[in-house]
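Read off the chains here:
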Amino acid sequence: AQSVTQPDIHITVSEGASLELRCNYSYGATPYLFWYVQSPGQGLQLLLKYFSGDTLVQGIKGFEAEFKRSQSSFNLRKPSVHWSDAAEYFCAVKGGATNKLIFGTGTLLAVQP
Amino acid sequence: GAGVSQSPSNKVTEKGKDVELRCDPISGHTALYWYRQSLGQGLEFLIYFQGNSAPDKSGLPSDRFSAERTGGSVSTLTIQRTQQEDSAVYLCASSRRAANNEQFFGPGTRLTVL
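All figures in this text were calculated on a predicted structure; none of them were measured in a lab.

Visitor: Could you give an account of the packing of aromatic side chains, naming the residues involved and the relevant values?
Guide: Residues and elements named next belong to chain B. Here the structure, examined in full by the defined rule, presents 16 aromatic pairs over all chains. Taking the centre distance of 5.5 Å and the plane angle of 40 degrees together, the rings of Tyr35 and Phe105 count as tilted. Of this pair, Tyr35 sits in strand E4 (residues 31–38) while Phe105 sits in strand E9 (residues 104–105), placing them 70 residues apart in sequence. Each member of the pair, Tyr35 as well as Phe105, is classed as buried.

Visitor: Quick rundown of the sheet that holds strand E3 (residues 19–24) of chain B? Include the residues and the values.
Guide: All names here are of chain B. Across the sheet, four strands lie side by side as E1-E3-E7-E6; this open sheet has antiparallel pairing. Every interior strand has two partners, whereas the edge strands, strand E1 (5–7) and strand E6 (65–69), have only one. Averaged over neighbouring strand pairs, the angle between their axes works out to 15 degrees when direction is ignored. Where E3 meets strand E7 (residues 75–79), five bridges bridge the pair, whose relative direction is antiparallel. In the strand pairing of E7, Arg22 is matched with Thr76.

Visitor: So what about the pairing of E4(B)? Which residues, and what values?
Guide: All names here are of chain B. For E4, the buried fraction is high: eight of the eight residues fall into the buried class. The alternating pattern of E4 places Ala31, Tyr33, Tyr35 and Gln37 on one face and Leu32, Trp34, Arg36 and Ser38 on the opposite face, and all of these are buried. Summarising the sheet, E4 and strand E5 (residues 42–50) pair through eight bridges and their orientation is antiparallel. Within E5, the residue paired with Leu32 across the bridge is Phe49. Between E4 and the antiparallel strand that follows it, E5, lie three residues.

Visitor: Now, about the state of the cysteines: what can you tell me, with residues and values included?
Guide: Disulfide: a covalent bond connecting the sulfur atoms of a pair of cysteines. Tallying each qualifying case throughout the model produces two disulfides over all chains. Shown here is the disulfide that connects A:Cys23 with A:Cys91, its sulfur atoms set 2.0 Å apart. Since a negative S-S torsion denotes a left-handed disulfide, the A:Cys23-A:Cys91 link at about -65 degrees is left-handed. You can see A:Cys23 sitting in the loop between strand E3 (19–21) and strand E4 (24–26) and its partner A:Cys91 sitting in strand E10 (residues 87–95), a full 68 residues away along the chain. Like A:Cys91, A:Cys23 is buried. Covalently, B:Cys23 is tied to B:Cys92 through a disulfide, its sulfur atoms 1.8 Å apart. An S-S torsion of about -65 degrees defines the bridge between B:Cys23 and B:Cys92 as left-handed. Within this pair, whereas B:Cys23 is found in strand E3, its partner B:Cys92 is found in strand E8 (residues 88–95), the two being separated by 69 residues in sequence.

Reading guide: rules and limits
- Numbers given to residues run from 1 along each chain, matching the order in which its sequence is written.
- The order in which chains are written sets their letters, starting at A; the order in which ligands are written sets their numbers, starting at 1.
- Thresholds applied to this predicted model are a pLDDT of at least 70 for local features of residues and 80 or more for the giving and counting of side-chain atom pairs; totals over whole chains, interfaces and linings are not thresholded and use all residues.
- To obtain the side-chain values, all non-hydrogen atoms of the structure were included, while hydrogens and water were left out.
- Aromatic rings from Phe, Tyr and Trp, with only the six-membered ring used for Trp, were paired whenever their centres fell within 6.5 Å, and each pair was classed as stacked if the ring planes differed by under 30 degrees, edge-to-face if by over 60, and tilted otherwise.
- The numbering of helices and of strands both runs from the N terminus, where a helix is a DSSP run of H or I of at least 4 residues and a strand a run of E of at least 2.
- Throughout this description, buried means an accessible area under 20% of the type-specific maximum (1.4 Å probe, protein chains only), exposed means over 50%, and partly exposed covers the range between.
- Pairing between two strands is assigned when DSSP locates at least 2 bridges connecting them.
- Every angle, taken between N-to-C directions, lies between 0 and 180 degrees, and every axis is a line fitted to C-alpha atoms, over only the stretch in contact when it is a helix.
- Two cysteine sulfurs form what is called a disulfide whenever their separation falls within 2.5 Å.

Take a look at the structure:
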């Protein structure tokens, strides 16, 4: 069965520092992978997605992610974090014929001044 | 254009009561999804509608949960005889038909069962 693992529940970084959020997936075929962000009291906003092609994908707000099939990973990165990036981040894989999303448990990002 | 809207934004109910949650998808989106976000279970899929096809109900946690989508647009999620464990944020999403299309999420309905 498909699954997504986000091993880090909480991460704290200083403003201006680089960021990497980890995501590992389990899926039999070529996965469709997503990163969503959720700010407090808000719905989910798509940061970026991978379907095929270039394994390094660019998203909104300066985020990027790299698909590594050999490691079953899709880690999210940002070179310089801003205070407004504090939120919860969810990795997801689209599974099955119904296209439902299977989410990881999320990583809560705190940004220190 | 308008995004996915959900109502009410908050709902407080007593155990044993029925509740209805509404979702208005983005115009032209044929696929509609319901998810539930709770502290203990994270984000989990509930049900999926695609056009006139039979819905995928595989994520509904019990027969107290049901959903319908009228006219291929608005959807209502109904929870009968609510229990405290039903307390969660219920999120609706919609997308275009193709498999690689992004799901756009609404702001959610926060349900509290006392």
